[in-house]
Amino acid sequence: MKISINRSKLSSNLSRVVGAAGGKVSLPILVCVRLEVFADGLMEMAATDLDVTVKSVARVDVVERPGAVIVHAKRLSEIVKSLVGDMVNLELVEAGRLEVRSGKSLFVLNVEDAGDYPALPVSDSVSMTSIDGAALRLNIERTSFCVSSDDSRPNLNGVYFCALGGGAVRMASTDGHRLAQAERSLAFEDGAQLPAGDPLIIPRKGIGEIKRVLDAVGRRVRLGFMENNLVLASGVDEGEVTEVFVRLIDLKFPDFKAVIPKSVEHEVTVDRLAMMSALKRLALLASDLTKSFRAEFEPGTMTLRSENSDMGSAKESISIAGFEGQPATMNLNIRYVVDVLSHTEAERMTIGFGRVLSPALLREEGRGADLFVIMPIRNG
């Protein structure tokens, strides 16, 4: 293999695939990326941990010799990012050694034979639907922060995904203490729509790699399913394709709708940024154990309090609208509320609640079906 390729293009394509390599892998070779250059001037970069596979195809400027190698993914990506020249030359100079040249820089990397890499999935027979990648990305942004990291509850280690028909998709996640739900249409105006389907669970790492690709490729992407895999593709019409294959979690997601309050006794409206700023200050003196704060409501005002028995206490008051009746209180985890406020965009949020130990229901004022539920802390 001997090629020349634009450094920026090589770096951006490597950044799309490198996340699929590494982590808790069963085989050492899975920390590597597979590079294959074809005589027609295209190079495919691919990485997998056997559960998530990402492939990205880029056009090479000069192909002197096609070929394929396996090289450490993170190391190659870091080297390419560090280079200062406009072009990068990659050459397999002898068995097991790859030269990376740019300007006055030369790196020689140990590589392995491409035939040793696991077989990669292909999407040739997958039925793909054109969707709005920006809308999918927003659904991911609104839900992925609530995914559980507790491996003993594998059905919570991903994001619930359900196509509702007509292009609408509902996504949700929970770690047992909080819940996020996002719902919007992924359909384009050209009529392409996702048919209704059974719910499925996209694992945490897969969600992260899908978002990484969506950040890079823009709005129009294609979505499909093969066996127990979700497939996302971009750039199909342009030839420089990026594909993500994600093995789904073959379990049943819990009935999260049961924890969404059907009604609330109180609903107040508050400035989102003002509340987030106040909570970040209160966090400096929150309990090390519960990370809790106490919200006290009365007409026109919400008073926020935190206390650390070893260091002291903090208090802030914020103006609210909508509260009526006798004073009410609730205790919540500061980080959980800040997470919601930082992953939303509206100027004002509504907070719905009832009795002291009932969950809090947060929504963006006047914006769609997205909602967030946070369970209360019994002893704040």
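Now for a description of the structure that goes with this document. Computed from a predicted structure; not experimentally measured.

Quick look at the sheet that holds strand β17 (residues 229-234)
Then step 1. The nine strands are arranged β10-β6-β2-β3-β4-β18-β17-β16-β11 in an open sheet whose pairing can be described as antiparallel. Pairing within the sheet leaves two strands with one partner each, and these edge strands are β10 (112-113) and β11 (129-132).
Then step 2. The pairing of strand β16 (residues 220-226) with β17 spans five bridges and is classified as antiparallel. Counterpart to Leu223 in the pairing with β17 is Leu232.
Then step 3. On top of the sheet, helix α1 (residues 7-17) reaches β2 (32-37), β3 (42-48), β4 (52-59) and β18 (242-247); it is set at about 165° to β4, its chief contact.
Then step 4. Relative to the sheet, helix α4 (residues 204-217) contacts β4, β16, β17 and β18, its axis offset from that of β18 by approximately 165°.

Regarding the pairing of strand β21 (residues 301-308)
Within a regular strand, the side chains alternate between the two sheet faces.
Then step 1. The sheet contact formed by strand β20 (residues 292-298) and β21 spans five bridges and is antiparallel. Of the residues in β21, the one forming a bridge with Glu296 is Thr303.
Then step 2. With antiparallel pairing between neighbouring strands as the criterion, β20 and β21 make up a hairpin whose turn holds two residues, including Gly300 at a positive phi of roughly 85°.
Then step 3. Relative to strand β22 (residues 312-321), β21 runs antiparallel, the two sharing eight bridges. Looking at β22, one finds that Thr301 is bridged to Ser319.

Things to note about helix α2 (residues 73-82)
Then step 1. All buried positions along α2 are accounted for by Ala73, Leu76, Ser77, Ile79 and Val80. Each buried residue of α2 lies within a common arc of 160° when the element is viewed along its axis, so the set occupies one face. Residues of α2 that are exposed and angled more than 90 degrees away from the buried face: Lys74 and Lys81.
Then step 2. Along its buried surface, α2 packs onto α1, β2, β6 (67-72), β8 (97-102) and β9 (105-110).

A closer look at the sheet that holds strand β7 (residues 87-94)
Then step 1. One open sheet accounts for five strands, arranged β5-β1-β7-β8-β9; its pairing is antiparallel. Edge positions in the sheet fall to β5 (62-65) and β9, since each of these pairs with one other strand and no more. Each strand axis lies, on average, 20° off the axis of its neighbour in the sheet, ignoring direction.
Then step 2. The pairing of strand β1 (residues 2-6) with β7 spans five bridges and is classified as antiparallel. From the neighbouring strand, Lys2 faces β7, where its bridge partner is Glu91.
Then step 3. Each of β1 and β7 touches α1; the most contacted strand, β1, lies at about 90° to it.
Then step 4. Sitting on the sheet, α2 is in contact with β8 and β9, with an inclination near 175° to β9.

Digging into the nonpolar core
Then step 1. Counting 62 residues, the largest nonpolar core has Leu35, Leu136 and Ile210 as the members making the most contacts within it.
Then step 2. Every residue in contact with Leu136, bar those within four places of it in the chain, is listed here: Ile131, Phe161, Met171, Leu186, Ile210, Leu214 and Leu232.
Then step 3. Grouped together as the second largest cluster of nonpolar side chains are 35 residues, Ala295, Val338, Ala360 and Leu362 included.

Here's the deal with the packing of helix α3 (residues 133-143) against α4
Then step 1. Relative orientation of the contacting elements α3 and α4 amounts to 140°, with a least axis distance of 10 Å. Taken together, the axes of α3 and α4 are oblique relative to one another. Crossing handedness for the pair α3 and α4: left-handed. Between α3, through Gly133, Leu136, Arg137, Ile140 and Glu141, and α4, the contact on the second element is made entirely by Ile207, Ile210, Lys211, Leu214 and Asp215.

As for the side chain of Arg142
Then step 1. Looking at the element boundaries, Arg142 is found in helix α3.
Then step 2. Here Glu364 takes part through its side chain, which lies 2.7 Å from a polar atom of the side chain of Arg142.
Then step 3. If we ignore the near neighbours within four places in the chain, the residues touching Arg142 are Ala180, Ala182, Arg184, His343, Thr344, Glu345, Glu364, Asp370 and Phe372.

Structural notes on the side chain of Asn139
Then step 1. Along the chain, Asn139 turns up in helix α3.
Then step 2. Since its relative accessible area comes to 0%, Asn139 is described here as buried.
Then step 3. Contact partners of Asn139, with chain neighbours within four places excluded, come to Val169, Met171, Ala182, Glu183 and Arg184.

A word on the pattern of salt bridges
Then step 1. One pass over the full model with this rule turns up 28 salt bridges.
Then step 2. Between Asp339 and Arg178 there is a salt bridge, with its nearest N and O atoms 2.7 Å apart. Taken together, the residues Asp339 in helix α6 (residues 334-342) and Arg178 in strand β14 (residues 178-185) connect sequence positions 161 residues apart.
Then step 3. The exposure class assigned to Asp339 is buried, which follows from its relative accessible area of 15%.
Then step 4. Linked by salt bridges that have partners in common, Arg142, Arg184, Glu345, Glu364, Arg367 and Asp370 make up one network.

Conventions and cut-offs
- Residues numbered from 1 in each chain as written.
- Predicted model: local features only at pLDDT ≥ 70, side-chain atom pairs only at ≥ 80, totals over all residues.
- Heavy atoms only, no water.
- Pairing = 2+ DSSP bridges.
- Helix = DSSP H or I, 4+ residues; strand = E, 2+ residues; numbered from the N terminus.
- Contact = heavy atoms within 4.5 Å.
- Axes fitted to C-alpha atoms, helices over the stretch in contact; angles between N-to-C directions.
- Buried < 20%, exposed > 50% of the residue type's maximum accessible area, 1.4 Å probe, protein only.
- Arc of directions from axis to C-beta.
- Core = buried A, V, L, I, M, F, W, Y, C linked by side-chain atoms within 4.5 Å.
- Parallel < 35°, antiparallel > 145°, perpendicular 65-115°, else oblique.
- Left-handed = near helix turned anticlockwise from the far one by under 90°.
- Polar contact = N/O pair within 3.5 Å; in protein donor to acceptor, adjacent residues only side chain to side chain.
- Salt bridge = Lys/Arg side-chain N within 4 Å of Asp/Glu carboxyl O.

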